[in-house]
Amino acid sequence: MNDNALSSLLAAAELKVLKFDNHTLRAINYRNRVLRDYYMMTYVRSGSAKLRVGERIYVISPGTVIFIPPGLEHDQYKDSDEETEFLWWHFTFKIQNVVDVLPFLRIPYIYRLRDDRKFESVFDELMHTRTRRDRLLPTVLLQKAKSLELLYVLLDNAFGLADAAHPDLPPAGFLSILLRIATSPEAPLTLADLARELHMNPTYVSNRFKEMFGRSPILLQREMKIAKAKDMLENGELPVADVGAAVGFQDAQSFTRLFKKYAGITPSQYKRLFANERPV
């Protein structure tokens with residue numbers, strides 16, 4: 001059950017690449033660095049560097065990947081003046097930009113690739129999308145394809161390692177609830193129903209869910225509803241009232257009130273923000 005739920009979570013997640021580049025540097029000195037809301041993966045093609053996490057210092061040699069999740073304080077630096085070539089990217093991998101699925105995989109902070117040539121080839125192709133001018137195949141599609149291939153190569157290499165090969169997944173019942181909320185936030189949900197399903201006290205269910213996933217099930221469902229509503233409003237095909245009904249609100253007033261609480265503006269105002277971006 002856990003493996004099936006995890007596979008479904010990965011399938012539902014969307015990869016968003018924020019930045020990617022390659023740099024050849026003689027000096028790098030990031031101290032007490034913390035990434036707030038995205039992941040960073042850095043690969044050393046040549047030369048060397050060092051990574052500190054907690055009290056441990058790692059040597060980053062050619063063929064090595066470092067994986068830095070949000071919120072992790074770390075140092076990344078060089079203590080020699082040799083040239084080092086870094087391939088790096090910043091990205092998120094979430095469901096509706098809310099549920100982050102990568103923590104379940106227990107990816108190590110640093111690991112070596114089994115097939116570094118494959119990774120370098122895919123990354124070089126990703127870099128090539130910046131300059132490609134192909135009218136027959138939109139560059140944005142190629143960039144998405146190469147980004148997903150890059151993530152697959154990185155995760156496939158990490159998954160063969162001790163930590164990632166046996167991820168410490170939450171109990172199946174809680175993981176199933178997370179999957180249900182993430183993929184169908186519009187479905188009715190009460191703590192009482194979840195408690196009966198798990199044969200547990202409602203307060204305990206809420207507290208344990210929050211410990212594992214950072215939010216109570218009810219709060220997560222609300223965030224997922226608003227995230228799904230934003231996508232539908234950006235598309236602009238449905239009236240605001242229909243969007244509210246589609247994400248599980250029985251009346252427009254409740255939808256507008258909760259949407260404004262999370263987005264800062266009403267659904268109608270949010271929809272108008274994207275009106276000029278939609279094709280006529």
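Conventions used here
Residues numbered from 1 in each chain as written. Predicted model: local features only at pLDDT ≥ 70, side-chain atom pairs only at ≥ 80, totals over all residues. Heavy atoms only, no water. Axes fitted to C-alpha atoms, helices over the stretch in contact; angles between N-to-C directions. Helix = DSSP H or I, 4+ residues; strand = E, 2+ residues; numbered from the N terminus. Parallel < 35°, antiparallel > 145°, perpendicular 65-115°, else oblique. Left-handed = near helix turned anticlockwise from the far one by under 90°. Contact = heavy atoms within 4.5 Å. Nonpolar A, V, L, I, M, F, W, Y, C, P; charged D, E, K, R; others polar. Salt bridge = Lys/Arg side-chain N within 4 Å of Asp/Glu carboxyl O. Buried < 20%, exposed > 50% of the residue type's maximum accessible area, 1.4 Å probe, protein only. Phe/Tyr/Trp six-rings, centres within 6.5 Å; stacked < 30°, edge-to-face > 60°. Lys NZ or Arg CZ within 6 Å of the ring centre and 35° of its normal. Core = buried A, V, L, I, M, F, W, Y, C linked by side-chain atoms within 4.5 Å.

Caption draft 1: Spotlight on the packing of helix H2 (residues 116–128) against helix H3 (residues 139–159). Axis separation between H2 and H3 bottoms out at 9 Å; the angle between their running directions is 160°. Between H2 and H3, the crossing angle belongs to the class labelled roughly antiparallel. The chirality of how H2 crosses H3 is left-handed. Together, Lys118, Phe119, Val122, Phe123, Glu125 and Leu126 of H2 and Gln143, Lys146, Ser147, Glu149, Leu150, Val153 and Leu154 of H3 make up the contact between the two elements. In the contact of H2 with H3, the residues fall into seven nonpolar, two polar and four charged.

Caption draft 2: Seen up close, the pattern of salt bridges. Per the stated rule, a full pass over the model turns up 18 salt bridges. One salt bridge in this structure joins Asp156 and Arg114, with 3.5 Å as the shortest N-O distance. Taken together, the positions of Asp156 in helix H3 and Arg114 in the loop between strand E10 (110–112) and H2 put the pair 42 residues apart, joining distant regions of the chain. The partly exposed category is assigned to Asp156, whose relative accessible area is 35%. Arg114 gets classed as exposed once you look at its relative accessible area, which sits at 57%. Where Glu149 meets Lys118, a salt bridge forms, and the shortest distance between an N and an O atom there is 3.0 Å. Of this pair, Glu149 sits in helix H3 while Lys118 is found in helix H2, placing the two residues 31 residues apart along the sequence.

Caption draft 3: Just the packing of aromatic side chains, in detail. Enumeration according to the criterion identifies 11 aromatic pairs in this entry. Residues Tyr39 and Phe67 carry aromatic rings whose centres are separated by 5.3 Å and whose planes lie at 25° to one another, so their mutual orientation is stacked. Here Tyr39 is found in strand E3 (residues 39–46), whereas its partner Phe67 is found in strand E6 (residues 64–68), with 28 residues between them in sequence. For Tyr39, a relative accessible area of 4% translates into the label buried. For the ring pair Tyr39 and Phe91, a centre distance of 5.8 Å and an interplane angle of 20° mean the geometry is stacked. In this pair, Tyr39 is assigned in strand E3 and Phe91 in strand E8 (residues 84–95), connecting sequence segments 52 residues apart. Since its relative accessible area comes to 0%, Phe91 is described here as buried. Grouped by ring-pair contacts, the aromatic residues Phe249, Phe255, Phe259, Tyr270 and Phe274 constitute a single cluster. A cation sits over an aromatic face here: Arg31 above Tyr77, 4.1 Å from the ring centre. A cation over a ring is seen here: Arg33 above Tyr30, with NZ or CZ 4.1 Å from the ring centre.

Caption draft 4: Layout of the nonpolar core. Counting residues in hydrophobic clusters, the biggest one holds 54 residues, and the most contacted among them are Leu9, Trp89, Phe91, Leu102, Phe119, Leu154 and Leu178. With seven residues, helix H5 (residues 172–183) is the single largest residue contributor to this core. Apart from residues no more than four positions distant in its own chain, Leu102 is found in contact with Tyr39, Phe67, Phe91, Phe93, Ile107 and Leu155. Formed by 16 residues, the second largest nonpolar core is a distinct cluster that contains Met40, Ala49, Leu51 and Ile110.

Caption draft 5: The environment of Phe67, seen in detail. A relative accessible area of 5% places Phe67 in the buried class. Between the C-alpha atom of Phe67 and that of Ala12, which follows or precedes it by 55 residues, the distance is 22 Å. Apart from the residues lying within four places of it in its own chain, the contact partners of Phe67 are Tyr39, Met40, Met41, Phe91, Leu102, Ile107, Pro108 and Tyr109.

Caption draft 6: Representation of the side chain of Ser206. On the secondary structure map, Ser206 appears in helix H7 (residues 202–213). The exposure class of Ser206 is buried, given its relative accessible area of 14%. Residues in contact with Ser206, not counting those within four places in the same chain, are Leu191, Ser216 and Pro217.

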